Amino acid sequence: MKGALTGWRRNLAVLWLGTFIAGMGFSEVMPFLSLYVGQMGNFSKNELTMYSGITYAVTFFVVAVVSPLWGKLADRRGRKIMLLRSSLGMAFVIGAMGFVHNIWMLIFLRFLQGLCAGYIPNASALIATETPKESSGTAIGILTTGYVSGNLIGPILGGVLAQVFSIRLTFIITGILLLIVFVLSLTLVHESFKPSDAPVAKREGSLLSQFKNPTLIITLLVSTMIIQMGNNSITPIISLYVQDLMHNVGPITVVAGIIAALPGISTLLSAPRLGRLGDHRGADRILVFGFVFAILMYFPQGFVSSVWTLGLLRFMIGISDGALFPTVQTLLSKNTPRELTGTIFSWNQSFQAAGSMLGSLLGGAVSGWFNYNGVFIFTALSLLLNFIGVLIFIPSMRHPFAKHSVD
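Fair warning: this is a prediction, and the values are worked out from it, not measured in the lab. (Residues numbered from 1 in each chain as written. Predicted model: local features only at pLDDT ≥ 70, side-chain atom pairs only at ≥ 80, totals over all residues. Heavy atoms only, no water.)

The next subject is the nonpolar core. One finds Leu220, Val242, Leu287, Phe291, Tyr298, Leu310 and Leu383 to be the most contacted residues of the largest nonpolar core, which totals 51 residues. Elements with a minimum of two residues in this core: helix H6 (119-130), helix H10 (214-234), helix H11 (238-245), helix H12 (252-281), helix H13 (283-298), helix H14 (307-334), helix H15 (341-370) and helix H16 (373-393). Those residues in contact with Tyr298, other than ones at most four positions away along the chain, are Gly230, Asn231, Ile234, Arg314, Ile317, Phe376, Thr379, Ala380 and Leu383. The next biggest cluster of nonpolar side chains, apart from the first, holds 42 residues, and it includes Val100, Leu126, Leu184 and Val189. (Core = buried A, V, L, I, M, F, W, Y, C linked by side-chain atoms within 4.5 Å. Buried < 20%, exposed > 50% of the residue type's maximum accessible area, 1.4 Å probe, protein only. Helix = DSSP H or I, 4+ residues; strand = E, 2+ residues; numbered from the N terminus. Contact = heavy atoms within 4.5 Å.)

Here it is, written out as structure tokens:
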């Protein structure tokens, strides 16, 4: 037993570092991607906006489509091999972006980046299957801090590297970092994978028919999409909202960067603690808390008159993220047959990618219709509807403090 515990803890340590580097590598090129697109040709403002949007969105689109396929393969061949596929493929694809001089080649590589995605959900699936059930919430909460902190540091590091060296060299450095992730995953991650003994015909039938509670699974996946949609709906307008609050005076980009980073900081601090609390007190309670807290924190963001107040509320949103994302993953893992864990975590990534696409599109549209503050109100209403759906379709959530729980 002691050796088994040592094994899962070692996996957690290695995959935390791997997801940290992966999250950092994926996010460090995002702040200046549109600037890099501008180097691909002499574009008008409208053309630059269009090509930047395509370059950004194509990866999320591909991830949403192919993630379930990779997840199904992971359940047949193992999650570790999917970690190796993703990290090695991303290393070469992102590294190659540093050498392109044509917008369509860049878009093609971003397309391939979507095909290579999947490191983080497969890391989550491996941890979920290799960790004792009573510790899975804690482990997934800790793992969440890996890619959250990587995503937090990545844009800052990427901006510094691009400033000191060049945008092109930053892509190459990112590729090298992901190659390190590949080596770590290859040499230090252990998986005791055994293919399911279930008949092939059964496993190739309807995915939902293989779950005891398919309604629960669908509700959790849709929740992932809406939570991520809420997060991403803010991304296109946060800098503009800060500029408006500061009356276009002062270090606007610095303040906007800090405010954008605050949710990641609080998620980093809160996710492990909330994961442990969920293991001891019930994941239902943490999920209910996350929804209620997020709704209460999003609504007032549409009515603030000070960047200090906005910053405080954005910090609080990170706490709700630390409750919602890991808890959804924990509930998925605890209500999924072991042999389908990779599939369901890849479906979760697919719904998260769809949420990223919807959030970016709807955030821009809503801000155009109702100004910037309308985006926060729209997000709060979306989460409220999501929470009502959770209460309707997951009956145990109506009584989260009762002994019965979906986990």
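Where helix H4 (residues 79-96) contacts H6, the two axes come as close as 9 Å, and the packing angle between them is 160°. The orientation of H4 with respect to H6, classified from their angle, is roughly antiparallel. As H4 packs across H6, the resulting crossing turns out to be left-handed. Contacts from Arg79, Lys80, Met82, Leu83, Arg85, Ser86 and Ser87 of H4 reach H6 at Tyr119, Asn122, Ala123, Ala125, Leu126 and Thr129. Residues belonging to the contact of H4 with H6 are distributed by class as follows: 6 nonpolar, 4 polar and 3 charged. (Axes fitted to C-alpha atoms, helices over the stretch in contact; angles between N-to-C directions. Parallel < 35°, antiparallel > 145°, perpendicular 65-115°, else oblique. Left-handed = near helix turned anticlockwise from the far one by under 90°. Nonpolar A, V, L, I, M, F, W, Y, C, P; charged D, E, K, R; others polar.)

Right, let's get into the packing of aromatic side chains. One pass over the structure, following the stated rule, counts 4 aromatic pairs. Ring geometry for Trp16 against Phe20: centres 5.5 Å apart, planes inclined by 5°, an arrangement best described as stacked. One end of the pair is Trp16 and the other is Phe20, both in helix H1 (residues 2-27) and 4 residues apart, which spans about a single turn. Overall, Phe20 belongs to the buried group, its relative accessible area being 16%. Taking 6.1 Å as the distance between ring centres and 45° as the angle between the ring planes, the aromatic pair formed by Trp347 and Phe351 counts as tilted. Of the two residues, Trp347 and Phe351 both sit in helix H15, 4 residues apart, roughly one turn of that helix. The ring of Trp70 is capped by Arg85, whose NZ or CZ atom sits 3.8 Å from the centre of that ring. (Phe/Tyr/Trp six-rings, centres within 6.5 Å; stacked < 30°, edge-to-face > 60°. Lys NZ or Arg CZ within 6 Å of the ring centre and 35° of its normal.)

Purely geometric numbers; function is a separate question.
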